[in-house]
Amino acid sequence: MVIQKKRKELEMAIHEAFLRFMANLMRGYQSFLKPIKSAPSCVNATDTGNLFDLDGFLKSRDKSGVEFFKRFCATQSFIRFIEERSFVSDKNTYNAFFDDCIAKVDSSETGDVSLLELDGSAHLNNTSVGLDFFLQVFIAPPEPIVDPKTGLEREFKYDRFPRKLDPALFQLDHLSMNRADQQAVPLQYEYNRCAAVRTKPEVRSSMLAATNSVRTNPLHWPKTLLFYAYSLWFMQLPSLVTIAPNKKKILLLAFHILDRMEHTEVFPLDQVCYRILIELCGECGEPSLAVKVLQAMHRAGVEQNAVTYGIYHRAVLDAKWPTPARQRAIEAWAQLR
């Protein structure tokens, strides 16, 4: 047991050292990401050169290591990392964790802050090291059972908890164990993530920011409560947009609320409000409004994390942009109003 414990501690130290090295190597790279803010005009609009300011990144590095960084940025691993960081992928959670590690390194003056947190369920022989505390599972509610005769949703009422369950109500005949019969999931939704789900770094940072804010000035506590009240409103926004006859009007209302939060100095403790609105802009075909939401994030001093950044690019790329003539007409009408 002693030997096994020392081996785990050694492996943990190796993981920690390598992660710290990469965090120092990529420090500040988020500032050189180039979000897409207009309709893609060419096929290579999503190339790495258009997504990342490589020249600016190299100029920000130490002159003695420029040659090393040139070779490093030309590797397939770096190019792949920028692509995964810019779009929705199965690596968004890991990239958000890596950004959190960079933030820890930046905020630490002595450099002795721990980047990996190992809980009892972590295993050092797989990729769950330091990420078991970070990953979470979102379980969607079950689909309603519709009566085929009436077409209405069936209701089930019980006077007491049933002692015997009816297998017919589980709809087991609709489940197919053969993967060949399953429909393929579209690529853009294969790694879909609920925009309302906060990442673990967001949970920790929001709690820390709220605590520090209240300690600095007790009058900030009402604004903290007000922010979470706004968050609850944004969480029900998708349902409101679904039933609203004028969806754009609801999106503009939500954007107005973000603007009100900015002017009343309600500091956003996480990115859920922005993320939900950006995703809805993509679903409702309003990519230009998604760009305005991103600009509002920058004005509020919020740097979009990997999850928000991927959802933003999916919104502006999947949605249909207005033609140049229509865009000019919209701008002219806005000036007249």
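A quick note: this is a predicted structure, and the numbers were derived from the prediction, not measured. (Residues numbered from 1 in each chain as written. Predicted model: local features only at pLDDT ≥ 70, side-chain atom pairs only at ≥ 80, totals over all residues. Heavy atoms only, no water.)

Chemist: Describe the packing of helix α8 (residues 220-235) against helix α11 (residues 272-283), and please don't skip the residues or the numbers.
Modeler: If you want to describe how two helices pack, look at the angle between their axes and the distance between the axes. One can describe the packing of α8 onto α11 by two numbers: an axis separation of 9 Å at closest approach and a directional angle of 20°. Between α8 and α11, the interaxial angle falls into the category roughly parallel. Where α8 crosses over α11, the handedness of that crossing is left-handed. Only Val 272, Cys 273, Ile 276 and Leu 277 of α11 make contact with α8, whose side of the interface consists of Phe 227, Tyr 230, Ser 231, Phe 234 and Met 235. (Axes fitted to C-alpha atoms, helices over the stretch in contact; angles between N-to-C directions. Helix = DSSP H or I, 4+ residues; strand = E, 2+ residues; numbered from the N terminus. Parallel < 35°, antiparallel > 145°, perpendicular 65-115°, else oblique. Left-handed = near helix turned anticlockwise from the far one by under 90°. Contact = heavy atoms within 4.5 Å.)

Chemist: Can you explain the UniProt feature "repeat: PPR" (unreviewed entry) in the protein chain? Please cite residues and give values.
Modeler: According to UniProt, the positions carrying the feature "repeat: PPR" (unreviewed entry) are residues 270-304. Split by type, residues 270-304 is 71% helix and 0% strand. Its first and last C-alpha atoms lie 10 Å apart. (UniProt positions renumbered as here; feature names shortened; annotations may be inferred.)

Chemist: Describe the nonpolar core, naming the residues involved and giving the relevant values.
Modeler: Tyr 29, Phe 98, Phe 234 and Leu 277 are the most contacted members of the largest nonpolar core, which totals 68 residues. It is α11 that provides the largest number of residues to this core, a total of 8 residues. The residues touching Phe 98, leaving out its near neighbours within four places in the chain, are Leu 19, Met 22, Ala 23, Met 26, Tyr 29 and Phe 81. (Core = buried A, V, L, I, M, F, W, Y, C linked by side-chain atoms within 4.5 Å. Buried < 20%, exposed > 50% of the residue type's maximum accessible area, 1.4 Å probe, protein only.)

Chemist: Which residues make up the environment of Thr 308, and what values do they have?
Modeler: The topology assignment puts Thr 308 in helix α13 (residues 306-318). Residue Thr 308 is classed as buried on the basis of its relative accessible area of 2%. In this structure, Thr 308 is in contact with Gln 271, Arg 275, Ile 278 and Met 297, ignoring residues within four places of it in sequence. At 2.9 Å, the side chain of Thr 308 and the side chain of Arg 275 are in polar contact. (Polar contact = N/O pair within 3.5 Å; in protein donor to acceptor, adjacent residues only side chain to side chain.)

Chemist: Now, about the confidence of the model for the protein chain: what can you tell me, with residues and values included?
Modeler: Model confidence for the protein chain is summarised by a mean pLDDT of 80, while 82% of its residues fall at 70 or above. For the stretch residues 119-136, pLDDT sits under 50, and the model shows 40 contacts to residues farther than four places along the chain or on other chains. Confidence over residues 176-192 falls short of pLDDT 50; this stretch has 11 contacts with residues more than four positions distant or in other chains. (pLDDT = per-residue confidence, 0-100.)

Chemist: Go over α11, please, and point to the residues and values.
Modeler: Between its terminal C-alpha atoms α11 stretches 17 Å, which fits the 16 Å expected from 12 residues at 1.5 Å a residue. With 11 of 12 residues buried, α11 is to be regarded as a mostly interior element. Along α11, the residues classified as buried are Val 272, Cys 273, Tyr 274, Arg 275, Ile 276, Leu 277, Ile 278, Glu 279, Leu 280, Cys 281 and Gly 282. For α11, the elements touching its buried residues are α7 (200-216), α8, α9 (237-243), α10 (247-263), α12 (287-299) and α13. In the segment just after α11, Gly 285 is the residue with positive phi, at about 70°. (Expected span 1.5 Å × (residues − 1).)

Chemist: Residue-level account of the state of the cysteines, with values.
Modeler: Within this structure, the stated rule accounts for 0 disulfides. Free cysteine: Cys 281, not disulfide-bonded; nearest cysteine sulfur from Cys 284 at 7.4 Å. (Disulfide = S-S within 2.5 Å.)

Chemist: How would you explain the packing of aromatic side chains if you had to name every residue and give the values?
Modeler: Considering all chains together, one arrives at 12 aromatic pairs under this definition. Measuring from centroid to centroid gives 6.2 Å for Phe 68 and Phe 72, while their planes differ by 10°, and the two rings are stacked. Note that Phe 68 and Phe 72 are positioned in helix α4 (residues 66-73) at a spacing of 4 residues, about one turn of the helix. A residue is classified by how much of its surface remains accessible, and Phe 68, at 44% relative accessible area, is partly exposed. Owing to a relative accessible area of 17%, Phe 72 belongs among the buried residues under this scheme. Clustering of aromatic rings is evident, with ring pairs tying together Phe 32, Phe 52, Phe 57, Phe 68, Phe 69, Phe 72 and Phe 78. (Phe/Tyr/Trp six-rings, centres within 6.5 Å; stacked < 30°, edge-to-face > 60°.)

Chemist: Run through the environment of Met 207, naming residues and quoting values.
Modeler: Within the fold, Met 207 resides in helix α7. As for Met 207 and Asp 270, which are separated by 63 residues in sequence, their C-alpha atoms are 9.6 Å apart.

Chemist: I'd like to hear about helix α5 (residues 76-86), residue by residue, with values.
Modeler: Burial in α5 covers these residues: Phe 78, Phe 81, Ile 82, Glu 84, Arg 85 and Ser 86. Against the buried residues of α5 lie α2 (48-51), α4, α6 (92-107) and α13.

Chemist: Just give me the short version of unusual backbone geometry, but keep the residues and values in it.
Modeler: Glycine aside, residues mostly have negative phi, and peptide bonds are mostly found in the trans state. The phi angle at Glu 265 is positive, at roughly 60°, despite the residue not being glycine. Summarising the element assignment, Glu 265 is placed in the loop between α10 and α11.

Chemist: Describe a nonpolar patch on the surface, listing the residues and the values that go with them.
Modeler: Where nonpolar side chains cluster on the molecular surface, the patch consists of Phe 18, Phe 21 and Phe 68 and spans about 350 Å² of accessible area. Summarising the element assignment, Phe 18 is placed in helix α1 (residues 2-25). A relative accessible area of 55% places Phe 18 in the exposed class. (Patch = residues over 30% accessible without salt bridge, like charges linked within 9 Å, V, L, I, M, F, W, Y side chains within 5 Å. Areas by Shrake-Rupley, 256 points an atom, 1.4 Å probe, with all protein chains shown as cover. Salt bridge = Lys/Arg side-chain N within 4 Å of Asp/Glu carboxyl O.)

Chemist: Describe the pattern of salt bridges, with residues and values.
Modeler: Inspection of the entire model under this criterion finds 13 salt bridges. Between Glu 202 and Arg 275 there is a salt bridge; the shortest N-O distance is 3.1 Å. Of this pair, Glu 202 sits in helix α7 while Arg 275 sits in helix α11, placing them 73 residues apart in sequence. Considered together, Glu 202 and Arg 275 belong to a single accessibility category, that of buried residues.

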